[in-house]
Amino acid sequence: MIKMVAFAVEKEELPVFLQYKDTYQIDLTCFEEKPSLEKIQELEPFDAVNVLSDTVITEQMWNALKEKGVKIGITRCIGMEHMNKSYAESIGIQVMNISYSPASVADYAIMMMLMVLRHIKPVLLRYAAQDFTPAGFRGRELPNMTVGVLGVGNIGLTVLKHLSGFGCKLLYWNRSVKPELQAELESMARYCTLDELLAESDIVTVHIASNEKTFHFMDAQKISKMKNGSILINTARGPIVDTSALIEALESGHLSGAGLDVFDGDRYIYYREYKNSMIKNHDMAILNSMPNVLMLPHLAYFTDQALHDMVHNSLKKVWEELA
């Protein structure tokens, strides 16, 4: 049996853990809490640790996990920026991520495009105040747009597939494209250089990984190259976009709007309750005050299918490595 400890297990995830633990011969211990150095030190030896993206594993925690005999650290998400991967692997612990239904994030990104184009945020606020006048809410139609997709992994590719039904012009950029995907991509969209995509797109949607190389990938220089009046959508990770540069572009009118499921600094805000409390983040306050900016609390992934995939694949992948 493989001994695994899973942290930050949400109530919706627990039934899936229980459904598959025997299938993959896993002796499973689940905790609702996030891992801490103290908690790790209390545990009996085990083989694998399983966490969510809202967890930062420090060097001290990896050292403690190593002492407990941990061979694999797996995260129930795609991004691994919270895993301190290079340090873990330097002490002999393998770090892995998983995949899940790409439609979850892809459809959410398209939803955000439509909501920003149709001014749904201020429409809902005006409706709640029982003001049903249409002034200022004339929208734009997605079929008339050119949409540029930054990053064509599973999610970016699914965005292109689903957008192809809307009739809009599609562009894509990626550092490299898998040869087996080339024909499929070219049947839906045109490859562009990054500068061409930014200059030609009415909507730019971000689907690249977050790491040291992509920190503030969308910086002031790249945002300035975006088409005047265009929209930026980010359902990937907050640090990919330089928030200060984004705010400046929105305030100047260079960008006409943004849809943000994530923003730089959200790791210490989202998935927590701040009711009747002050959130000490000026950038968030500025963005939230803008009627043309839709901010949502990092929920693009949160569907029944994706949640099932996250748990199932995290167990299966560890079993494939250690069985």
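One can find the structure itself at the top, above this paragraph.
Residues numbered from 1 in each chain as written. Predicted model: local features only at pLDDT ≥ 70, side-chain atom pairs only at ≥ 80, totals over all residues. Heavy atoms only, no water.

Q: Give me the lowdown on the overall build of the chain, citing residues and values where you can.
A: Broken down by element type, the chain carries 13 helices and 12 strands. Here the C-alpha atoms of the chain give a radius of gyration of 21 Å, agreeing with the 20 Å that 2.2 N^0.38 yields for 323 residues. Seen through its principal axes, the chain has C-alpha atoms that stretch 65 × 55 × 35 Å. Across the 323 residues of the chain, 50% fall into the buried class. Sequence-distant contacts, at least 24 apart, represent 70% of the contacts inside the chain between residues at least 6 apart. Per element, the accessible surface of the chain, about 15,700 Å² overall, is 52% carbon and sulfur. Both charge centroids of the chain, one from 31 positive and one from 40 negative side chains, sit 2 Å from each other. (Helix = DSSP H or I, 4+ residues; strand = E, 2+ residues; numbered from the N terminus. Rg over C-alpha atoms; globule rule 2.2 N^0.38 Å. Buried < 20%, exposed > 50% of the residue type's maximum accessible area, 1.4 Å probe, protein only. Contact = heavy atoms within 4.5 Å. Areas by Shrake-Rupley, 256 points an atom, 1.4 Å probe, with all protein chains shown as cover. Lys, Arg positive; Asp, Glu negative; His and termini not counted. Charge placed at Lys NZ, Arg CZ, Asp CG, Glu CD.)

Q: Residues and numbers for the sheet that holds strand β9 (residues 203–206), please.
A: Hydrogen bonds between backbone atoms are what pair the strands of a sheet, whose relative direction is either parallel or antiparallel. The parallel open sheet is built from 7 strands, whose spatial order is β8-β7-β6-β9-β10-β11-β12. Only two strands of the sheet have a single neighbouring strand rather than two, namely β8 (190–191) and β12 (293–295). Sheet analysis places strand β7 (residues 169–173) next to β8, joined by 2 bridges and oriented parallel. Each bridged residue has a counterpart across the sheet, and for leucine 171 the counterpart in β8 is arginine 190. (Pairing = 2+ DSSP bridges.)

Q: Requested: an account of a nonpolar patch on the surface, with residues and values cited.
A: On the surface, a nonpolar cluster with roughly 240 Å² of combined accessible area is contributed by Tyr271, Leu299 and Phe302. Tracing the backbone shows phenylalanine 302 in the loop between β12 and α13 (304–322). (Patch = residues over 30% accessible without salt bridge, like charges linked within 9 Å, V, L, I, M, F, W, Y side chains within 5 Å. Salt bridge = Lys/Arg side-chain N within 4 Å of Asp/Glu carboxyl O.)

Q: Tell me about the sheet that holds strand β3 (residues 48–51), and please be specific about residues and values.
A: Spatially, 5 strands are ordered β2-β1-β3-β4-β5 in an open sheet, and the strand pairing comes out parallel. Looking at strand neighbours, the two that pair on one side only are β2 (26–30) and β5 (94–96), the edges of this open sheet. Shown here is a sheet whose adjacent strand axes are inclined to one another by a mean of 20 degrees, direction ignored. With 4 bridges joining them, β3 and strand β4 (residues 72–75) adopt parallel strand pairing. (Axes fitted to C-alpha atoms, helices over the stretch in contact; angles between N-to-C directions.)

Q: Could you give me a rundown of the packing of helix α7 (residues 154–163) against helix α8 (residues 179–188), with the residues and numbers involved?
A: Working note: a packed helix pair is described by the angle between its axes plus the distance between those axes. Here α7 crosses α8 at 35 degrees, and the two axes come no closer than 10 Å. Between α7 and α8 lies a crossing of left-handed hand. Residues Leu157, Leu160 and Lys161 of α7 touch α8, and the partners they reach there are Leu181, Glu184, Leu185 and Met188. Considering only residue class, the contact of α7 with α8 consists of 5 nonpolar, no polar and 2 charged. (Left-handed = near helix turned anticlockwise from the far one by under 90°. Nonpolar A, V, L, I, M, F, W, Y, C, P; charged D, E, K, R; others polar.)

Q: An account of the pattern of salt bridges is needed here, citing residue identities and associated values.
A: Tallied over the entire structure, the rule returns 15 salt bridges. With a closest N to O distance of 2.6 Å, arginine 237 and glutamate 81 form a salt bridge. Here glutamate 81 lies in the loop between β4 and α4 (85–90) and arginine 237 lies in the loop between β10 (230–234) and α11 (243–252), a separation of 156 residues in the sequence. In this structure arginine 237 comes out as buried when scored by relative accessible area, which is 14%. Ionic pairing is found between glutamate 273 and lysine 275, a salt bridge with its closest N-O pair at 3.9 Å.

Q: How would you summarise helix α3 (residues 59–67) if you had to cite specific residues and measurements?
A: Residues of α3 that are buried include every one of Met61, Trp62, Ala64 and Leu65, and no others. Around the axis of α3, the buried residues are gathered within 160 degrees of arc, so they sit on the same side. The secondary structure elements touched by the buried residues of α3 are α2 (37–42), β3, β4, α4 and β5. Directly beyond the C-terminal end of α3, a positive phi value near 90 degrees is found at glycine 69. (Arc of directions from axis to C-beta.)

Q: Hey, could you go over the nonpolar core for me, with residue numbers and the actual values?
A: Grouped burial of nonpolar side chains is what soluble globular proteins tend to show. Counting residues in hydrophobic clusters, the biggest one holds 57 residues, and the most contacted among them are Met113, Leu142, Val147, Leu160, Leu163, Ile203 and Val318. Ranked by residue count, the leading element in this core is helix α5 (residues 102–117), at 9 residues. The residues contacting isoleucine 203, other than those within four sequence positions of it, are Met113, Leu117, Leu142, Met145, Thr146, Val147, Gly148, Ile231 and Ile233. In this structure, Val206, Ala236, Val241 and Ile247 belong to the second largest nonpolar core, which totals 34 residues. (Core = buried A, V, L, I, M, F, W, Y, C linked by side-chain atoms within 4.5 Å.)

Q: Go over the pairing of strand β1 (residues 2–6), please, and point to the residues and values.
A: Most of β1 is tucked away, with 4 of its 5 residues classed as buried. Note that β1 and β2 share 5 bridges and pair parallel. Bridged to isoleucine 2 within β2 is isoleucine 26. In terms of handedness, the path from β1 via helix α1 (residues 14–20) over to β2 forms a crossover that is right-handed. Direction of pairing for β1 relative to β3: parallel, over a ladder of 3 bridges. Its bridge partner lying in β3, valine 5 is registered against valine 49. (Right-handed = clockwise from strand over helix to strand, strands pointing away.)

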